[in-house]
Amino acid sequence: MNCAIIYYSQSGKTKKIAEMLKKKYGADMYFVTPNKEYGGYISSVVKVGAEKIKKEKVESKIIPVKAEKYDVIFIGFPVWYGSMPPFFREYVLSCKIIGKTVIPFVTASAGGKASSLKAVKQSCPNCEIRDYFFSSSINKEDPEKWVEALIL
Ligand SMILES: Cc1cc2nc3c(=O)[nH]c(=O)nc-3n(C[C@H](O)[C@H](O)[C@H](O)COP(=O)(O)O)c2cc1C
């Protein structure tokens, strides 16, 4: 079973889960770096807000993953403005992940569970999306338990 982990993490929460998955499955890891410096939390909130107003497209620095090599693709990201970070969505779309098994893992400070899942569904057409993990400070889930219980 060939697995890939495609993820973004700014302050490290989502990264921790990506590393747990890597440890369990030995999957290829792809950290999606934006081709723009967002800085820390406040600076990012301001910059992403401005991007939204100006409808600015931000690309990523890494080349699209060859999705056809993989059976299972984990997709992890933090919620930004209620959903998937826009540059990350562009990146996932560019990978053309079609007809695969996709397992999303998402972290947030509060909400965005349903809209993040919707964003994954939209960016990975005709995929089987399963075992969705979502954790926020309000709705804390244990990623270790989730990874441990996963059966591919
Ligand atoms: C630009 C920006 C926008 C964010 N928007 C939201 C949001 O709409 N809802 C939310 O619950 N958390 C929001 N957050 C908080 C992050 O989703 C949360 O801290 C996440 O767990 C960080 O994961 P990371 O450490 O992997 O980057 C935002 C953070 C940033 C930097």
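Before any of the text, the structure's been laid out above.
The structure contained in this document is the topic of the report that follows. Along each chain, numbering runs from 1 in the same order as the chain's sequence is written. Side-chain atom pairs in this predicted model are given and counted only at pLDDT of 80 or more, local residue features only at pLDDT of at least 70, and totals for whole chains, interfaces and linings cover all residues. Note that the side-chain values use all heavy atoms of the structure and ignore hydrogens as well as water.

1. Things to note about the overall build of the chain
Okay, so step 1: Numbering goes from the N terminus for both helices and strands, where a helix is a DSSP run of H or I of at least four residues and a strand is a run of E of at least two. The helix and strand tally for the chain stands at 5 helices and 6 strands.
Okay, so step 2: Listed N to C, the secondary structure of the chain is β-α-β-α-β-α-β-α-β-β-α in terms of helices and strands.
Okay, so step 3: Computation of the radius of gyration draws on C-alpha atoms, with the globule rule given as 2.2 Å multiplied by the number of residues to the power 0.38. For the chain, whose C-alpha radius of gyration is 15 Å, the value lies close to the compact-globule estimate of 15 Å for 152 residues.
Okay, so step 4: Along the first, second and third principal axes, the C-alpha atoms of the chain reach 40 × 35 × 25 Å.
Okay, so step 5: Across the chain, contacts joining residues at least 24 apart in sequence account for 77% of those joining residues at least 6 apart.
Okay, so step 6: When the accessible surface of the chain is totalled, it reaches about 8200 Å², and 54% of it is carbon and sulfur.
Okay, so step 7: His is not counted here, nor are the chain ends, while Lys and Arg score as positive and Asp and Glu score as negative. Charge placement uses NZ in Lys and CZ in Arg. For Asp and Glu, CG and CD serve respectively. If you average the places of the 24 positive and of the 15 negative side-chain charges in the chain, the two averages end up 4 Å apart. Any two residues whose heavy atoms approach within 4.5 Å are treated as being in contact. Every accessible area reported is derived by Shrake-Rupley at a probe size of 1.4 Å, with residue values counting cover from the shown protein chains alone.

2. Regarding the site of the ligand
Okay, so step 1: Any residue with at least one heavy atom within 4 Å of a molecule or strand is counted as near it. Around the ligand sit 20 residues in total, of which Ser9, Ser11, Thr14, Val79 and Ala110 are the nearest.
Okay, so step 2: Two N or O atoms form a polar contact when they lie within 3.5 Å of each other; inside protein one atom must be a possible hydrogen donor and the other a possible acceptor, and for residues adjacent in sequence the pair counts only when both atoms belong to side chains. At 2.7 Å, a backbone N or O of Gly82 approaches an oxygen atom of the ligand.
Okay, so step 3: Between the ligand and Ser109 there is a distance of 2.9 Å, counted from a nitrogen atom to a side-chain nitrogen or oxygen.
Okay, so step 4: When the ligand sits alone it has 650 Å² of accessible area, and the protein chains cover 90% of it.
Okay, so step 5: Breaking the shell around the ligand down by element, the ones donating at least two residues are helix H1 (13-25), helix H2 (41-54) and strand S4 (101-108).
Okay, so step 6: In terms of residue count, the dominant contributor to the shell around the ligand is H2 (4 residues).
Okay, so step 7: Asp, Glu, Lys and Arg are counted as charged, while Ala, Val, Leu, Ile, Met, Phe, Trp, Tyr, Cys and Pro are counted as nonpolar; the rest, among them Gly, fall into the polar class. When the residues that make up the shell around the ligand are grouped by side-chain class, the tally is 9 nonpolar, 10 polar and 1 charged.

3. Considering the pattern of salt bridges
Okay, so step 1: Here, a salt bridge means any side-chain nitrogen of Lys or Arg that lies within 4 Å of a carboxyl oxygen of Asp or Glu. One pass over the full model with this rule turns up 5 salt bridges.
Okay, so step 2: Here Glu90 ties to Lys57 by a salt bridge, and the two come within 3.6 Å at their closest N and O atoms. With Glu90 in helix H3 (residues 86-94) and Lys57 in the loop between H2 and strand S3 (72-78), this pair connects stretches of sequence that are 33 residues apart.
Okay, so step 3: Under the relative-accessibility criterion, Glu90 is labelled partly exposed at 30%.
Okay, so step 4: On the basis of relative accessible area, Lys57 is assigned to the exposed category, the value being 59%. Each residue is placed in one exposure class: buried if its accessible area under a 1.4 Å probe, protein chains only, is under 20% of its type's maximum, exposed if it is over 50%, and partly exposed if it falls in between.

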